[in-house]
Amino acid sequence: MYEWSEEHQAIIAVMRRFVDEEIRPHLDAIEHEGVPPYEILRKMYSVFGLKEMAQENFARALARKVSGEEPAARRGGSDPAAQIISTLELCRVSPGMVTSLGVSTGLAAGTINKLGTPAQMERWGKDLMTLDKVGAWAITEPDSGSDALGGMRTSARRDGEEYIINGSKTWITNGPFADTIVLYAKLDDGSGEEQRNRKVLTFVLDAGMPGLEQSKPMRKMGQKASPTGTLFMTDLRVGKDRLLGETEDPQGGGRASAKDNFVSERAGMAAMALGVISECLELSIDYAKGRKLWEKPISEYQLIQQKLAYMEVARVNVQNMLFNYIERSQNGASMSMAEASAIKLYSARAACEVADEAIQIFGGNGYVSEYRVEQLSRDARVFRIYAGTDEMQIVAIARDLLKG
Ligand SMILES: Cc1cc2nc3c(=O)[nH]c(=O)nc-3n(C[C@H](O)[C@H](O)[C@H](O)COP(=O)(O)OP(=O)(O)OC[C@H]3O[C@@H](n4cnc5c(N)ncnc54)[C@H](O)[C@@H]3O)c2cc1C
């Protein structure tokens, strides 16, 4: 059975101290005053040696790419727990920061390193992994959210050795500030192939390219620490050097690459949910013990105890799912889309329910930002929407159950 090791416990303790000393004092600026999260995240990277770790990981990934070896995650043996612990601990205070970080170092850098040539990895992947640059990963469009691949309208038309890209992407995390953008587009090769079935190509764009416009951050319900925006591509001209793998037929195809990301993103959601659940539970226990009504703490009322008990059940379940995911990753065992979807569906709902019940325990205090559970509740709400909505997770699980 997997458990946090002594080394992991030490990382948790140090991470908590960093969060208390370096993040909590700036939380208002990030959550309410529109200050982007990147400088604090960079500080976290340098304090914890994550930058050096990222450089070493990059060097290993590059060496494997050059030698044609399989990625480490598939071979097992690596410990994803350190990364997961930082996600979990950061999520206790600011899930939005985790969203920004995960998209930049996970989705954007991960896609470049997986599909790109060694030269492309060096050109873009390394700086994203170290957080020297900020990345975005753009697949969603105004008219093709859940139907992201089939309904995609952004097109890349061949023009000699180049492509001309037109279209727009929306809800793009880090979109307003990204230096590097991984962009999915449908190939328009003039053959008249039906739009839904066209090849999906993956390009890398740099901020400031002629024909690329990055919107201002959108106003959102939560996740205010994570800037989200729209991208507009108008006759944006790119050379083949920006097409990942420099081929229209990467191994498995562009669709498979996007789907690979869906699995890690969905399973990884358990860590984010666990952060929110653990924090809400701890805050609720403290509050319930301290709040006295009818001359006794509300923690002595059974209706409050029931809420705390259900929160604990959710915490245990999500933690078990997360440990299962870590253990399997270490053993090099892959997870099916249906399993990852089940984890995501349960964890996202559990985080939302727990955060909502925390507000209830706090009463009126739960409704004001000072007590923080309202922020966690607003931030957790998007867990049920991004990385595939609840309904899309259910579709993936049911499809797997009923196949064959
Ligand atoms: C804060 C935030 C950050 C994001 N970051 C990124 C990012 O970095 N990159 C990126 O590419 N995207 C990103 N997204 C987009 C996100 O992945 C989409 O919002 C999500 O996939 C849902 O798409 P949609 O919003 O268009 O909803 P829609 O697809 O329009 O869905 C509307 C409703 O219909 C339901 N529905 C759809 N199809 C079916 C069906 N077949 N059966 C039953 N119900 C169905 C949905 O579940 C939902 O309830 C982000 C979104 C948010 C809110």
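Residues numbered from 1 in each chain as written. Predicted model: local features only at pLDDT ≥ 70, side-chain atom pairs only at ≥ 80, totals over all residues.

### A closer look at the overall build of the protein
Scanning the protein from terminus to terminus reveals 13 helices and nine strands. Radius of gyration (C-alpha) of the protein: 22 Å, near the 22 Å computed for a compact globule of 404 residues. Considering only C-alpha atoms, the protein reaches an extent of 80 × 50 × 40 Å along its principal axes. Residues classed as buried in the protein amount to 43% of the 404 residues present. Within the protein, contacts between residues separated by at least 24 positions form 76% of all contacts whose residues are at least 6 apart in sequence. (Helix = DSSP H or I, 4+ residues; strand = E, 2+ residues; numbered from the N terminus. Rg over C-alpha atoms; globule rule 2.2 N^0.38 Å. Buried ≥ 20, exposed ≤ 12 C-beta atoms within 10 Å, placed from the backbone. Contact = placed C-beta atoms within 7 Å.)

### A few points about the site of the ligand
Surveying the vicinity of the ligand reveals 21 residues, the closest of which are Gly145, Ser146, Thr173, Thr389 and Glu391. Mapped by element, the contributors of at least two residues to the shell around the ligand are β1 (135–138), β3 (162–173) and α13 (390–402). Taken together, the residues of the shell around the ligand break down into eleven nonpolar, eight polar and two charged. Counting only domains with at least three residues in the shell around the ligand, you end up with domain 2 (137–252) and domain 3 (254–402). (Near = placed C-beta within 6 Å. Nonpolar A, V, L, I, M, F, W, Y, C, P; charged D, E, K, R; others polar. Domains from an automatic or database assignment.)

### Some words on the environment of glycine 102
Checked against the element boundaries, glycine 102 lands in helix α7 (residues 95–115). Of the residues examined, glycine 102 has 25 C-beta atoms within 10 Å and is grouped as buried.

### A closer look at the packing of helix α11 (residues 337–362) against α13
Interhelical geometry of α11 versus α13 gives an angle of 145° and a closest axis separation of 8 Å. For α11 against α13, the interelement crossing comes out left-handed. Across from Met337, Ala338, Ser341, Ala342, Lys344, Leu345, Ala348 and Arg349 in α11, the residues of α13 making contact are Asp390, Gln393, Ile394, Ala396, Ile397 and Asp400. Partitioned by chemical class, the residues of the contact of α11 with α13 number eight nonpolar, two polar and four charged. (Axes fitted to C-alpha atoms, helices over the stretch in contact; angles between N-to-C directions. Left-handed = near helix turned anticlockwise from the far one by under 90°.)

### Re α7
The end-to-end C-alpha distance of α7, which contains 21 residues, comes to 28 Å, matching closely the 30 Å that a straight helix rising 1.5 Å per residue would cover. Valine 103 marks the point of greatest bend in α7, at about 35°. Of all 21 residues in α7, 21 are buried, a share of seventy percent or more. (Expected span 1.5 Å × (residues − 1). Bend = angle between axes of the 7 residues up to and from the residue.)

### Let's talk about the packing of helix α1 (residues 6–23) against helix α3 (residues 38–47)
Interaxial distance between α1 and α3 falls to 12 Å at its minimum, and their mutual angle equals 140°. Judged by the angle between their axes, α1 and α3 are oblique. α3 is crossed by α1, and the crossing has right-handed handedness. Contacts between α1 and α3 involve Phe18, Glu22 and Ile23 from the former and Ile40, Lys43, Met44 and Val47 from the latter. A per-class count over the contact of α1 with α3 returns five nonpolar, no polar and two charged. (Parallel < 35°, antiparallel > 145°, perpendicular 65-115°, else oblique.)

### A word on the domain arrangement of the protein
Here the domain parsing of the protein yields domain 1 (6–133), domain 2 (137–252) and domain 3 (254–402). For domain 2 versus domain 3, the distance between C-alpha centres works out to 31 Å. With 13 residues of domain 2 in contact, the opposing surface of domain 3 contributes eleven residues. Top element by residues in the side of domain 2 that touches domain 3 is strand β5 (residues 200–206). It accounts for three residues. Tallied by class, the residues present in the side of domain 2 that touches domain 3 amount to seven nonpolar, five polar and one charged.

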